[in-house]
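Residues per chain, in single letters:
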Amino acid sequence: MSVTNVVLAGLGGQGVIKASDILADAALRAGLDVKKSELHGMSQRGGSVTSDVRFGERVLSPMVPRGEADYLVVLADSEVEVTRPLLRPGGVLLAPDLIADADLPNKRSLNVALLGALSRYLDLPPEAMLDAMRAALPERLHAVNERAFEMGRKVAAADGTIP
Amino acid sequence: MDRQLLSGDEAVALAALHAGVALGTGYPGTPSTEILEAFDALGGRAQWAPNEKVALEVGLGAAFGNARVLVTMKHVGLNVAADPLFTAAYTGVSGALIVVTADDPGMASSQNEQDNRRYAIAAGLPMIEPSDSQEAYDLFFTAIEMSERWKLPVLYRMTTRVCHSKSVVTPAARGDAAPEAARKPAPHFEHDINARVMIPANARPAHRRLRAKLVEIAAWGEECALNRVEPGSGSAADLGIVTSGVSYLHAAEAAPGAAILKIGLVNPLPLEKARAFAAAHARTVVIEEGDPVIADSLRAAGVAVESRPDIYRFGELDVPRVRRILAGDASPEPAAPLGKPPELCPACPYHAVYATLQKHDCIVAGDIGCYTLGVLPPYRAMDTCVAMGASIGVGLGLRHVLPPEEARRVVSIIGDSTFVHSGISGLVEMAYNPPPTGHVVIVLDNGTTAMTGQQEHPGTGRRLDHGPTARLSIEGVASAIGIESVTVIDPYADPDGFESLLLERLAAPELSVIVARRPCVLAAADIRKWEQQAAEFRARAPEQVAYDLPVDQDLPMGDQ
């Protein structure tokens, strides 16, 4: 059973949950089984937030087992070391410093830019990711987030590790 | 119907809609809050009650009237609703009454991790437990069928992971839902005094009726589709796992090939099915979160199953923990990564309140809400937090026994929604049995139930769908109860004024309520929008407004 495990992490208010909503919806649009899990509540008050997204032919537990994430997408510098143990050996870390702040069309789009970078690795059609993004965000934010997504894809492409 | 990615909460709401539920009511509480919000968004009739007890009573009345009803709450909410719950098991219902209890193992956002499967046993009510969103949808219809067949409330137990995880739901999986809604009974009333008036003469036979129903349900449960055996395969097939809820998914992943008895009806348990299952496997292990409810029940019935080491009753289970349980590993577990703790929002109007309480070394009886975060650095300005509304009683108790110089520093602090939920009777106690040094209650009125995601409550003057309704005046209630000094102040706009007011009230041996009023920074823009919509509605169609809506001039709506 091949399941792709993604953990998204950051601080409350950064758009971690929005990013995991988009990723999970993209997997749904690609016809896969998908589960997504995080804890709401206290965590929304500026504290650490992680969200697990798992997709594949059949997904059982909604939680990514610790140390078994294939991809770790982190939106806040402060959360990189805290969440690194979630990644499996050889897993891919996409940290916020991958995206140069100055190049972002809008600071709030870091989540979508990192999804763009992640999309280079995933066996999901980028168009499904973009459709999911458009479904999740109001229309006035579509253009800026499309640019952020493309920017993330380009940055990831410049990295030698891309499959 | 199409595949949809839904949370367990959303799946319950969709099922309720498809089942023709006439009314959804509850009190917001993580992780259950989104059920009624989703039900409303889908077009269902949903409303917030002031607390869970009232919600259950409204739901019970609607079910006496032959309707299908959904009542939602978090686990500790069922403590508040327990009084009507236990006797509703005796009265039974005419329509269908589904009570969602959303437990929070691991306490992501709760003050305890009580296991509400105990309530099903204690009250003598059937309890269904789904594992994911598809089951949260599908099993809801079974709950309705059971409630109507046995004329009993049915407890629907969810947990944080089931409520908040999103997974794929195909509503068509259980056939076309529309005919189900069409089968719903028409609300009407039939007198049934013996069944519903629980004087002892009626309650004694009612208890016997309840126990007879449970015997029937237990027999039905042995064969019903809620409890199913998944045969094992390969080398792991000697291992049997008995499990329920989200633990089923962890177990299926942790032990591929093991045989599984998946329990969907957690009360009454299918003891004979479990007995046969255990007898067929060399080793049978119960995998359950929280209390060892299934394990203890099976072992009491003489079924040979293993439970888990006691360390696994704390917190949630996950795949690694289930692997450890199956390996018999009770060694200390790796610590979870320590992230950044939550904090009061930078623009929260309560900073000045907590800074003042800290500065003057107050003894603070606190309450449940995001303002509980005042306990964290930098303020550490809260000394107790136990239950909804407890701040007032606990503060009074301290005032009664502490030496006067200490008693005069005791303050109770409570949010607006919490005050309406169960603070009002605390104020009644305060007026009835005033401590010699008096007492000071601060109501933090930010105009919303902020902690759970900005839900309305009677004090906001807006319904669940944010439309206008009567507004409960907190200061009016306090005055009517007989509190001597009641003052409204904006601690954000006037922190110095708040400090001098508090000091004056602490020094005076009288009863005092300070309403610290300023909208939640996260909700302020929405509150403005809803108030404007309400004003437009009233201007456009005055004849549709049943009564004059009080306009609260004190509620500041300024930009933040």
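Quick caveat: nothing in here was measured; it's all calculated off a predicted structure.

As a further point, take the domain arrangement of chain B. Residue and element names in this part refer to chain B. When cut into domains, chain B gives domain 1 (4-223), domain 2 (228-326) and domain 3 (351-544). For domain 1 versus domain 3, the separation of C-alpha centres amounts to 32 Å. Elements with a contribution of two residues or more to the side of domain 1 that touches domain 3: helix 2 (34-41) and strand 3 (46-48). Ranked by the residues each element gives to the side of domain 1 that touches domain 3, the list is headed by strand 3, at three residues. Of the residues belonging to the side of domain 1 that touches domain 3, the class tally is seven nonpolar, six polar and one charged.

All right, on to the sheet that holds strand 13 (residues 283-287) of chain B then. All names here are of chain B. With mixed pairing, the four strands of this open sheet are ordered in space as 9-11-10-13. Here the strands that pair on one side only, and so sit at the sheet edges, are strand 9 (228-230) and strand 13. Adjacent strand axes in the sheet meet at a mean angle of 20° when their direction is disregarded. Sheet topology note: the strand 10 (residues 239-244)/strand 11 (residues 259-263) ladder contains five bridges and is parallel. Opposite Ile-241, over in strand 11, you have Ile-260 as the bridge partner. With respect to the sheet, helix 12 (residues 246-254) is in contact with strand 10, strand 11 and strand 13, its orientation differing from that of strand 10 by roughly 155°. Packed on one face of the sheet, helix 13 (residues 271-279) meets strand 9, strand 10, strand 11 and strand 13 and runs near 155° to strand 10.

This part takes up the interface of chain B and chain A. Counting residues at the interface gives 30 residues for chain B, matched by 31 residues for chain A. At the level of elements, helix 8 (160-164), strand 8 (166-169), helix 12 and helix 15 (319-326) of chain B are the ones that each hand at least two residues to the side of chain B that touches chain A. If you tally residues by element for the side of chain B that touches chain A, the top one is helix 12 of chain B, at four residues. Of the residues contributing to the side of chain B that touches chain A, the split by class is 15 nonpolar, eight polar and seven charged. Inspection of the sheet shows strand 2 (residues 33-38) of chain A paired to strand 8 of chain B by two bridges, in the antiparallel sense. Paired with Lys-36 of chain A across the two strands is Lys-166 of chain B, which belongs to strand 8 of chain B.

So, how was this worked out
- Residues numbered from 1 in each chain as written.
- Chains lettered and ligands numbered in written order.
- Predicted model: local features only at pLDDT ≥ 70, side-chain atom pairs only at ≥ 80, totals over all residues.
- Domains from an automatic or database assignment.
- Helix = DSSP H or I, 4+ residues; strand = E, 2+ residues; numbered from the N terminus.
- Nonpolar A, V, L, I, M, F, W, Y, C, P; charged D, E, K, R; others polar.
- Pairing = 2+ DSSP bridges.
- Axes fitted to C-alpha atoms, helices over the stretch in contact; angles between N-to-C directions.
- Contact = placed C-beta atoms within 7 Å.

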